[in-house]
Amino acid sequence: MITRVLAGYTATKAGRDALALAARIAITTGARLDVVVVLPGIGRSVITPPDAAYDRYVREQAEGWLAEAIEAVPSEITCMTYLRAADSVGEGLVAAADEFGASVLVVGAANGAPRRHHRIGTAANELLHLSHVPVILAPRGFRKREGAGIPRITAGVGVELDADGLLAAAAAFATATGADLRLVSLVTTNFPADLDTGLIRIAAAAHTEEIVNHVREHLDIEAEVLAAEGDNMMEAVDGLDWLAGEIFFVGSSRLAQPGQVFLGAAGVRLLRALPVPVAVIPRPRPGIGPNVGSASDPAKG
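Residues numbered from 1 in each chain as written. Predicted model: local features only at pLDDT ≥ 70, side-chain atom pairs only at ≥ 80, totals over all residues. Heavy atoms only, no water.

An unreviewed UniProt entry annotates the protein as UspA domain-containing protein originating from Microlunatus phosphovorus.

1. Description of the nonpolar core
The cut-off we apply is this: Nonpolar core, defined: a set of buried Ala, Val, Leu, Ile, Met, Phe, Trp, Tyr and Cys residues in which side-chain atoms within 4.5 Å join the residues together. Relative accessibility decides the category of a residue: with a 1.4 Å probe and only protein chains considered, values under 20% of the type maximum give buried, values over 50% give exposed, and everything between is partly exposed. Boundaries of every domain are those given by an automatic assignment or by a domain database.
The biggest cluster of nonpolar side chains holds 51 residues, and the ones touching the most others in it are Val5, Ile25, Leu33, Ile153, Phe173, Ile247 and Phe249. The residue makeup of this core includes at least three contributed by each of domain 1 (1–46 + 56–149) and domain 2 (151–249 + 263–276).

2. Concerning helix H1 (residues 13–29)
Filter applied, for reference: The way it works is that DSSP assigns letters per residue, a run of H or I at least four long becomes a helix, a run of E at least two long becomes a strand, and they are numbered from the N terminus. A helix is expected to span 1.5 Å for every residue after the first.
Here H1 contains 17 residues, and its C-alpha end-to-end distance of 24 Å stays within 8% of the 24 Å for a straight helix at 1.5 Å per residue. Taken across its 17 residues, H1 has 12 buried, putting it largely inside the fold. Buried within H1 we find Ala14, Gly15, Asp17, Ala18, Leu19, Leu21, Ala22, Ala23, Arg24, Ile25, Ala26 and Thr29. Positive backbone phi, approximately 75°, marks glycine 30, located one or two places after H1.

3. Thoughts on the layout of surface pockets
How we decide: Any residue with an atom within 4 Å of a point lines the site, the site being either a cavity, points on a 1 Å grid over the protein atoms alone where a 1.4 Å probe fits but cannot get out, or a pocket, an open set with protein on both sides within 12 Å along at least 5 of 7 lines. Grid points are joined across faces, edges and corners, and a volume is the space filled by probe spheres set on the points.
In this model, the largest pocket occupies a volume close to 580 Å³. Tyr9, Thr10, Thr12, Val89 and Ala123 are the residues nearest the centre of the largest pocket, which is lined by 28 residues in total. Looking at the lining of the largest pocket, the elements with two or more residues in it are H1, strand E2 (32–40), helix H2 (52–72), helix H3 (89–100), strand E4 (104–108) and helix H4 (122–130). In terms of residue count, the dominant contributor to the lining of the largest pocket is E2 (five residues).

4. A few points about the packing of H3 against H4
Here is the rule: Orientation is described by lines fitted to C-alpha atoms, with helices fitted over the stretch in contact, and by angles between N-to-C directions that extend from 0 to 180 degrees. Roughly parallel refers to an angle under 35 degrees, roughly antiparallel to one over 145, roughly perpendicular to one between 65 and 115, and oblique to any angle outside these ranges. A crossing counts as left-handed when the near helix is turned anticlockwise from the far one by less than a right angle, and as right-handed when that turn is clockwise. Whether two residues are in contact is decided by their heavy atoms: any pair within 4.5 Å suffices. For this classification, Asp, Glu, Lys and Arg are treated as charged, while Ala, Val, Leu, Ile, Met, Phe, Trp, Tyr, Cys and Pro are nonpolar and the rest, including Gly, are polar.
Here H3 crosses H4 at 45°, and the two axes come no closer than 8 Å. Here H4 runs oblique to H3, going by the angle between their axes. As H3 runs across H4, the sense of the crossing is right-handed. Residues Val89, Gly90, Glu91, Leu93 and Val94 of H3 form the contact with H4, whose participating residues are Ala123, Glu126, Leu127 and Leu130. A class-by-class count of the residues in the contact of H3 with H4 yields six nonpolar, one polar and two charged.

5. Considerations on the sheet that holds E2
In plain terms, the rule: Here, strands pair whenever DSSP counts at least two bridges between them.
Overall, mixed pairing links the 10 strands, which are arranged E3-E2-E1-E4-E5-E10-E9-E6-E7-E8 in an open sheet. Of all strands in the sheet, those with a lone pairing partner are strand E3 (79–86) and strand E8 (224–227), marking the two edges. Across the sheet, the mean angle separating the axes of adjacent strands is 25° when strand polarity is ignored. The sheet contacts of H3 involve strand E1 (4–8), E2, E3 and E4, and relative to E2 the element is tilted by about 145°.

So this is what it looks like as structure tokens:
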């Protein structure tokens, strides 16, 4: 169940992208929206003057940003705004997510990201190594996307089928938002380039069947299952169709600590290729199933 959506906000295009996506999730699920601006804490750079007047100016400016954010949020959403001080934006957002019991944490792309795509900045990079709740990344320009709601959840499934609970997390989010669920086998993107194409097709078909059987046995939801086609991950993603407002789910790397997000090299490559929001799911703690309600493959990182 999704009860609180946290948006990491800045008065930039990326901040407005994050706010638009967070608001869409909140209005779709009936969740509360928490908008957070993180200010420099006591560990700030020595070139920042330790001056009370300067601190007051920064705070007043941030309060103005939050007032602008509230104006952009649909009136039917319960929304609260907060200022937090921390040594880094990522650290402040993780602390806020833990404090509020956030279900998901939403941030935007870094400067320089191609339109409709992702670029990981400093704050997002911290979150993708520290967060205890799912991190959802809004691509550049998401604020301009038409439509409403979350029409579909797509999860990229790697070789180790649902070893870290990705399918269950994606299914739970689809149920909470009323979205369709699509599961994409990325196995075909992991074979050597010189492998016989006939063998690749056989392996892809076998993996797709395995996913179908897993869904029937473990998930109480219907899902479309298909194999991505392409010589590599980029080609496979380019060959898929995408809906406005769709979210792609990816699991954390094997290197992730239990209950924590960690996006590995393969996940980063995939992220750069995707033209839709991407949700990175924490690796579940032993004996505790994954969820998208508190803390919680395509290819593993």
